Amino acid sequence: MWRARRATEACEVCRSLVSAGCAIRGALSLPQPRLVSRSLHHPRPPTARPPRAQLQGCQPFSSLSHLALRRWKLSPAKPSYQSRRHFWPARLAARLLRLRYLLLGSAVGGGYTAKKTFDQWKDMMPDLSDYKWIVPDFVWQLDEYIDLEKLSKALPDSEALAKLIPDLDKLAGSFSLLKDFFSTGTSGETAFRATDASESDRQFKKVTDKEKVEQLQEELLRTQLKYQRILERLEKENKELRKLVLQRDDKGIHHRNLKKSLIDMYSEVLDVLSDYDASYNTQDHLPRVVVVGDQSAGKTSVLEMIAQARIFPRGSGEMMTRSPVKVTLSEGPHHVALFKDSSREFDLTKEEDLAALRREIELRMRKNVKEGYTVSPETISLNVKGPGLQRMVLVDLPGVINTVTSGMAPDTKETIFSISKAYMQNPNAIILCIQDGSVDAERSIVTDLVSQMDPHGRRTIFVLTKVDLAEKNVASPSRIQQIIEGKLFPMKALGYFAVVTGKGNSSESIEAIRDYEEEFFQNSKLLKTSMLKAHQVTTRNLSLAVSDCFWKMVRESVEQQADSFKATRFNLETEWKNNFPRLRELDRNELFEKAKNEILDEVISLSQVTPKHWEEILQQMLWERVSTHVIENIYLPAAQTMNSGTFNTTVDIKLKQWTDKQLPTKAVEVAWETLQEEFSRFMTEPKGKEHDDIFDKLKQAVKEESIKRHKWNDFAEDSLRVIQHNALEDRSITDKQQWDAAIFFMEEALRGRLRDTETVLENMVGPDWKKRWMHWMGRTQEQSVHNETKNELEKMLKCNEEHPAYLASDEITTVRKNLESRGVEVDPSLIKDTWHQVYRRHFLKTALSHCNLCRRGFYYYQRHFVDSELECNDVVLFWRIQRMLSITANTLRQQLTNTEAVRRLEKNVKEVLEDFAEDSEKKLKLLTGKRVQLAEDLKKVREIQEKLDAFIEALHQEK
């Protein structure tokens, strides 16, 4: 009987273990083996007794350690009764114990090994939640393959094992532990917590309630710090893994590229919106993180900790942020920074690049600030990329001040307030309110400003900086707790954070500051006494919270903004079709390029002007410029000598002086003015139907600036001086045609002077009797005196037509007495002035009559005959002047067409156009009108809509 009972018990144990093995295999989702039903004994002969117990349904299985279990079967018993009595009980017991130990040891050892291996893997594995697209799906669906609840239920209870195997109590305890491990889910933490709790309970029974509370707090803090260290290690591993993954762009990882560039696409949308609507008041309601705070409160330091680099210029108590700086943070394989309008990359791991970046930011800030101001609303756009950076867009604003100090503009405080309000009034802007924890809270100004812009605190995150100084200096630590709980300030916020962003040394590295921050909070009483929560401290937790809030608001608002721009685009396109149906939509830059091409074409067209035209206009303009000097300072003084030798000597001397000092300079000036006039004519003359008056302002400005910059070659005057001197030295008129041309030139010059003289004389003496009677015009008293004087002087000239140019004193006295006898009081100076014009008219008329006589004098001149009546030295003078003008015009024409006009002027025009192209204010001033503004708005709206659509599509793909 005892043998049958023992065999039955052994069979039950095996059946229980086999069932457990099947359940474990099912929980692990392993394939079922082929079922084999086999008895442990060979069948007996018909004469033998049937076995009292038989193991049915037993099947082999694998343990958790995947050790193969051999199939066992018992050999048939010997026919001898004596042999069975002495050997088969021992064999049966040995084999049962062997089977039992093997099965139980495999199960327990495999379970413990699985648990230990799972914990090790869990500690070693980095956070791969962002890389599910790389790791196969079955890794993330482990629960579907391993049903841990079924596995825990499949293991036998410890009581059943204890009854069957009394000497394996410890093994039963291990089974209980293993069962509890599987029943917890994936980590087995509950079982260990239960064990630790039981030990803690035994310890807490020996201490008072106060000590219990302290121990619980210390244990909670240790747990928080433990998880914080684990999180730091995992983040470090994730950072390295991200860096490796991002460097594999050339292996077809396009999805990661999309995710990496998502924030860059969003930043481009914000940049375009800033250009379209710089006031941020109408269309631009897309989210951005606006960093505001009192001056020196630590705004820039917080931003640098989030960006993980010391990228901003620093000063001790001095205002350093003078204009808004938009920083776009994104992931990348290398930690670099670059500006929106520059291709240079600054390596943020190198101190020299960091110093260069800080200098560039400071230079751009000072460039943005106009003269007479301290701060500027113009935004500097900076992109910062690196592994592990949270993707978001932050705007660092100038610090809010309470008092304007010396050296600042009087309106600095109001300007900073207006800039801050302009950014914060965006309903989707996340306000990062920075408060200095080391100073009294009552000194803060920014909290009131933030409360006005976001009274309900739906988009405000409060950050308390310099907590290490606050804990050291503040008498009551509960005051810090009140700030973090939002009970001290009237403002409300989504979250409250406490950070440490420096140790007072501006040269300290970000890594050193982060280590100091973590060490401080580990030892801080604020955490140990539960005044601060672990999730409310460190800039790492702050950046995670800000990033989450940022992307949440982006997803909620971006599609609505895209719809509004679609409506705006439709309205603008309709307006354009109604006002300019036949014109192409060219914005200001496109119009400038079109005008630039036209201007350059017109400069080139100067080379197409004929040489004859250049010489004609140059000779005409040069004579107009020098004619007064030739007649007044050379011809008249020499001609009035009434002596041929004296005339030629005087002319030669004066021509030499004129050539050496004035004539070359005048000629170059004339050539430059001629070039300007021709250039202006090509630039401004209407082109018929193709003329577009929208370019008139621009062309005029380009012409003026080009002329201002142009300088004539200095060697031109020297070469001209030699040529002109040689031309004036020649007195040989070779043919009658040249002689007649000189006479014609002289007559034209003298007639022009005579007309001018008669005009002056008429203005001096007043209208004649015809104009007085026909036009009812009268003379003034002074004109009447001049008229009487003129009549008296003409009488004197009729008596002596060869009178010299100057009146003698006795002649002046005679004229004055004659006038006084008729009741006209005159002054001697009035007599001299009137005589000058009267004699000038008389002399010019005489010279013209002499020109008429000289028409037949070429024969005498050619044969060197001397005839007092036909001494035509004045004709020779005008021929020399005429020849000099012709040669000078030819020389200047060559300089214009060969060097100055086509080359240097074109170069100047190109330089001016390039400068104008880079000056947006200049283009805005010179290209104006409804047509330009409408095309500009239409282009911007289209660009914004396209970028918004592309960003929304990428955002949906990332989801």
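About the thresholds
Here the residue numbers are simple positions, counted from 1 along each chain's written sequence. Confidence filtering applies because this is a predicted model: local features only for residues at pLDDT of at least 70, side-chain atom pairs given and counted only at 80 or more, and all residues used for totals across whole chains, interfaces and linings. Computation of side-chain values covers all heavy atoms of the structure but excludes hydrogens and water. What counts as a helix is a DSSP run of H or I of at least four residues, what counts as a strand is a run of E of at least two, and both are numbered from the N terminus. With a 1.4 Å probe rolled over the protein chains alone, any residue whose accessible area is under 20% of its type maximum counts as buried; one over 50% counts as exposed, and the rest are partly exposed. Contacts between residues were defined by any pair of non-hydrogen atoms, one from each residue, lying within 4.5 Å. In this description, accessible areas are obtained by the Shrake-Rupley approach with a 1.4 Å probe, and a residue is regarded as covered only by the protein chains that are shown. Each nonpolar core is a collection of buried residues, namely Ala, Val, Leu, Ile, Met, Phe, Trp, Tyr and Cys, held together in the definition by side-chain atoms within 4.5 Å. Each salt bridge in this description consists of a side-chain nitrogen of Lys or Arg and a carboxyl oxygen of Asp or Glu lying within 4 Å of one another. Throughout, disulfides are identified as pairs of cysteine sulfur atoms within 2.5 Å of each other. A pair of strands counts as paired when DSSP detects no fewer than two bridges linking them. For patch detection, residues must exceed 30% relative accessible area and be free of salt bridges, and they are connected within 9 Å for like charges or within 5 Å for nonpolar side chains (Val, Leu, Ile, Met, Phe, Trp, Tyr). Two aromatic rings, drawn from Phe, Tyr or Trp (for Trp, its six-membered ring), form a pair once their centres lie within 6.5 Å of each other, and the interplanar angle then sorts them: stacked below 30 degrees, edge-to-face above 60, tilted otherwise. Criterion for a charge above a ring: Arg CZ or Lys NZ at most 6 Å from the ring centre, at most 35 degrees from the ring normal. How far a helix is expected to stretch is found by multiplying one less than its residue total by 1.5 Å. The reported arc concerns the directions from the helix axis to the C-beta atoms and nothing else. Helix axes are fitted to C-alpha atoms over the stretch in contact, other axes to C-alpha atoms as well, and angles between N-to-C directions run from 0 to 180 degrees. Note on terminology: angles under 35 degrees are roughly parallel, angles over 145 are roughly antiparallel, angles of 65 to 115 are roughly perpendicular, and the others are oblique. Throughout this entry, Asp, Glu, Lys and Arg are counted as charged residues, while Ala, Val, Leu, Ile, Met, Phe, Trp, Tyr, Cys and Pro are counted as nonpolar. The remaining residues, Gly among them, count as polar. For every residue, the predictor states its confidence as a pLDDT score lying anywhere from 0 to 100.

Draft legend 1. Expanded view of the overall build of the protein. Within the protein one finds 35 helices and 9 strands. Classification of the 959 residues of the protein by burial places 45% in the buried group. Here the contacts in the protein between residues at least 6 apart in sequence split such that 79% fall between residues at least 24 apart. As displayed, the protein offers around 51900 Å² of accessible surface, 51% of which is attributable to carbon and sulfur atoms.

Draft legend 2. Fine view of unusual backbone geometry. At glutamine 308, a residue that is not glycine, the phi angle is positive and equals roughly 65 degrees. Mapped onto the fold, glutamine 308 is located in the loop between helix 12 (299–307) and strand 2 (325–330). Glutamine 308 sits in the buried class, given a relative accessible area of 17%.

Draft legend 3. Structural view of the nonpolar core. Counting 101 residues, the largest nonpolar core has Trp623, Tyr635, Trp658, Ile881 and Val909 as its most contacted members. Ranked by residue count, the leading element in this core is helix 33 (residues 873–918), at 16 residues. When near neighbours in sequence (up to four residues on either side) are disregarded, tyrosine 635 contacts Val630, Phe647, Met746, Leu750, Phe843, Ala847, Asp874, Leu877 and Phe878. Among the nonpolar cores identified, the runner-up in size contains 68 residues, and Met265, Val325, Ala356 and Val554 belong to it.

Draft legend 4. View of the pattern of salt bridges. Applying the stated rule across the entire model yields 38 salt bridges. For the salt bridge of arginine 893 with glutamate 615, the shortest nitrogen-to-oxygen distance reads 3.3 Å. Here glutamate 615 lies in helix 22 (residues 611–639) and arginine 893 lies in helix 33, a separation of 278 residues in the sequence. One salt bridge in this structure joins arginine 731 and aspartate 652, with 2.4 Å as the shortest N-O distance. Highlighted residues: arginine 731 in the loop between helix 26 (715–729) and helix 27 (736–765) and aspartate 652 in helix 23 (residues 644–661), separated in sequence by 79 residues. What makes arginine 731 partly exposed here is its relative accessible area of 34%. The exposure class of aspartate 652 is partly exposed, given its relative accessible area of 27%.

Draft legend 5. Local environment of the state of the cysteines. Taken as a whole, this structure holds 1 disulfide when the rule is applied. With its sulfur 2.0 Å from that of its partner, cysteine 854 forms a disulfide with cysteine 872. Where cysteine 854 bonds to cysteine 872 through sulfur, the torsion about that S-S bond is close to -100 degrees, and the disulfide is left-handed. Here cysteine 872 lies in the loop between helix 32 (858–862) and helix 33 and cysteine 854 lies in the loop between helix 31 (828–853) and helix 32, a separation of 18 residues in the sequence. Assessed through its relative accessible area of 0%, cysteine 854 is described here as buried.

Draft legend 6. Local environment of the pairing of strand 3 (residues 336–339). On strand 3, burial covers both faces: Val336 and Leu338 on one face and Ala337 and Phe339 on the other are all buried. Two elements, strand 3 and strand 4 (residues 346–347), share 2 bridges in a ladder whose sense is antiparallel. Along strand 4, the bridge assignment pairs valine 336 with aspartate 347. Hairpin connection of strand 3 to strand 4: 6 residues between the antiparallel strands. Two strands pair when backbone bridges link them, and strand 3 and strand 5 (residues 380–385) are joined in this way by 4 bridges, in the antiparallel orientation. Bridge pairing in strand 5 links valine 336 to lysine 385.

Draft legend 7. A nonpolar patch on the surface, seen in detail. On the surface, a cluster of nonpolar side chains totalling about 490 Å² of accessible area is made up of Trp769, Trp773 and Met774. Along the polypeptide, tryptophan 769 turns up in helix 28 (residues 769–774).

Draft legend 8. Highlighting the packing of aromatic side chains. A full pass over the atoms with the stated rule returns 15 aromatic pairs. Seen in terms of ring centroids, phenylalanine 339 and phenylalanine 346 are 6.0 Å apart; in terms of plane orientation they differ by 90 degrees. Their pairing is edge-to-face. An angle of 25 degrees between the planes, with centres 6.5 Å apart, marks the rings of tryptophan 551 and phenylalanine 951 as stacked. In this pair, tryptophan 551 is assigned in helix 20 (residues 539–579) and phenylalanine 951 in helix 35 (residues 930–958), connecting sequence segments 400 residues apart. Of the two residues, tryptophan 551 and phenylalanine 951, neither departs from the other in class, the shared state being buried. Three or more aromatic residues joined by ring pairs form one cluster here, namely Trp623, Tyr635, Phe745, Trp835, Tyr839, Phe843 and Phe878. Looking at arginine 364, its charged tip hangs above the ring of phenylalanine 339, at a distance of 4.1 Å from the centre. Here lysine 923 stacks its cationic end above the ring of phenylalanine 592, 5.6 Å away from the centre of that ring.

Draft legend 9. Molecular detail of the side chain of threonine 891. Checked against the element boundaries, threonine 891 lands in helix 33. When its relative accessible area of 12% is taken as the criterion, threonine 891 is described as buried. Apart from residues no more than four positions distant in its own chain, threonine 891 is found in contact with Leu720 and Ile723.

Draft legend 10. Examining helix 26 more closely. Here helix 26 spans 22 Å end to end across 15 residues, near enough to the 21 Å set by a 1.5 Å rise per residue. Within the sequence span of helix 26, burial applies to Ala716, Leu720, Gln724, Ala727 and Leu728. Seen from one end, helix 26 has its buried residues packed into an arc of 90 degrees, which puts them on one side. Turned more than 90 degrees from where helix 26 packs its buried face, Phe715 and Val722 sit exposed.

Draft legend 11. Fine view of the packing of helix 22 against helix 31. The contact between helix 22 and helix 31 brings their axes to 12 Å, and the two run at 80 degrees. Relative to helix 31, the element helix 22 lies roughly perpendicular. Each of Glu632, Tyr635, Leu636 and Ala639 in helix 22 lies in contact with helix 31, whose residues at this interface are Arg840, Phe843 and Ala847. Class assignment of the residues belonging to the contact of helix 22 with helix 31 gives a composition of 5 nonpolar, no polar and 2 charged.

Draft legend 12. Quick look at helix 21 (residues 588–604). For helix 21, which comprises 17 residues, the first-to-last C-alpha distance of 24 Å matches the rise-based estimate of 24 Å (1.5 Å per residue) to within 8%. Residues of helix 21 that are buried include every one of Arg588, Leu591, Phe592, Ala595, Ile599, Leu600, Glu602 and Val603, and no others. Axial view of helix 21: buried residues confined to an arc of 170 degrees, hence all on one face.

Draft legend 13. Spatial organisation of the confidence of the model for the protein. Taken over all residues, the pLDDT of the protein has a mean of 75, while the share at 70 or more is 70%. Across residues 249–260 the pLDDT falls below 50, and counting only partners more than four positions away or on other chains, this stretch makes 23 contacts in the model.

Draft legend 14. Highlighting the sheet that holds strand 6 (residues 392–396). Pairing in this open sheet of 9 strands is mixed, and the strands run 4-3-5-2-6-1-7-8-9 from one edge to the other. The open sheet has two edge strands, strand 4 and strand 9 (495–498), and neither has a second partner.

Draft legend 15. Quick look at the pairing of strand 2. Of all the 6 residues making up strand 2, 6 are buried; the element is thus mostly covered by neighbouring parts of the structure. With burial as the criterion, each face of strand 2 is covered, one bearing Val325, Val327 and Leu329 and the other bearing Lys326, Thr328 and Ser330.

Draft legend 16. Quick peek at the environment of isoleucine 361. Mapped onto the secondary structure, isoleucine 361 falls in helix 13 (residues 351–368). In contact with isoleucine 361, other than residues within four places in its own chain, are Ile311, Phe312, Pro313, Phe339, Ile380 and Leu382.

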